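Topology and contacts: notes
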Amino acid sequence: MLALTLEDFMVELNDGSIKNVGPKNKSATVKLFDVDSAEAREFGDKRVKLVFEDEDDNEVQVSLFPEDVRKIAADIEALEDDSPVFE
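Because the structure is predicted, anything quoted here is derived from the model rather than measured. (Residues numbered from 1 in each chain as written. Predicted model: local features only at pLDDT ≥ 70, side-chain atom pairs only at ≥ 80, totals over all residues. Heavy atoms only, no water.)

1. So, the environment of S83
Under the convention used in this document: Secondary structure is summarised from DSSP: a helix means a run of H or I of at least four residues, a strand means a run of E of at least two, and numbering begins at the N terminus for each. Residues adjacent in sequence count toward polar contacts only when both atoms are side-chain atoms; beyond that, a polar contact is any pair of N or O atoms within 3.5 Å, and within protein one must be able to donate a hydrogen and the other to accept it.
Mapped onto the elements of the fold, S83 is located in the segment after helix 1 (66–82). Sequence separation between S83 and V51 is 32 residues; the distance between their C-alpha atoms is 24 Å. Looking at S83, its side chain comes within polar contact range of the main-chain nitrogen of V85, at 3.1 Å.

2. Regarding unusual backbone geometry
In this structure, D8 takes a positive phi of about 50° despite not being glycine. With respect to the secondary-structure elements, D8 resides in the loop between strand 1 (2–7) and strand 2 (11–14).

3. A short note on the pairing of strand 5 (residues 35–43)
What counts is decided by this rule: In short, DSSP must find at least two bridges between two strands for them to pair.
Summarising the sheet, strand 5 and strand 6 (residues 47–54) pair through eight bridges and their orientation is antiparallel. The partner of A38 across the bridge, within strand 6, is F52. Two successive antiparallel strands, strand 5 and strand 6, enclose a turn made up of three residues, where G44 displays a positive phi of approximately 70°.

4. Comments concerning the sheet that holds strand 6
Applicable threshold: In this analysis, axes come from line fits to C-alpha atoms, helices being fitted only over the stretch in contact, and the angle between any two N-to-C directions falls in the range 0 to 180 degrees.
Taking strand neighbours across the sheet as the criterion, the three strands line up as 5-6-7 in an open arrangement whose pairing is antiparallel. The sheet is open, and its two edges are formed by strand 5 and strand 7 (59–64), each paired on a single side. The average undirected angle you get between the axes of adjacent strands in this sheet is 15°.

5. As for a nonpolar patch on the surface
Our working rule: Grouping into patches uses exposed residues only, defined as over 30% relative accessible area, and leaves out salt-bridged ones; the cut-off is 9 Å for like charges and 5 Å for nonpolar side chains (Val, Leu, Ile, Met, Phe, Trp, Tyr). Throughout, the Shrake-Rupley method with a 1.4 Å probe supplies accessible areas, and for residues the shown protein chains are the sole cover considered. Just to be clear on terms, a salt bridge is a Lys or Arg side-chain nitrogen sitting within 4 Å of an Asp or Glu carboxyl oxygen.
Together, L2, L4, L6, F9, V11, L13, I18 and V30 make up a nonpolar patch on the protein surface, roughly 770 Å² of accessible area in all. Every element with two or more residues in the nonpolar patch is listed here: strand 1 and strand 2. Element by element, the count of residues in the nonpolar patch is highest for strand 1, at three residues. By the element assignment, L13 lies in strand 2.

6. A look at the pattern of salt bridges
Tallied over the full model, the rule gives two salt bridges. Here E39 ties to R41 by a salt bridge, and the two come within 3.0 Å at their closest N and O atoms. Of the charged contacts, one joins D75 and K71 as a salt bridge, the two residues approaching to 3.2 Å between their closest N and O atoms. With D75 and K71 both in helix 1 and four residues apart, the pair spans about one turn of that helix.

Here it is in structure tokens:
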């Protein structure tokens, strides 16, 4: 399931083109639940791309620098040691 929340979001659709309308204070939150597949791969010369997909072919891609990937890996290791989620 993909949940998408858009804040202060307005666009204009004119002859098939989408154009920003109003100030540039837009924000979005995307959540993907019930992930069926997840993978990590190289993205350019300096980043790692994490790709998550659910059974409905909704997909979220996240590009991170290696130091951010290492922090997430450390967070997961800490969860494996301390959290009942991994029991």
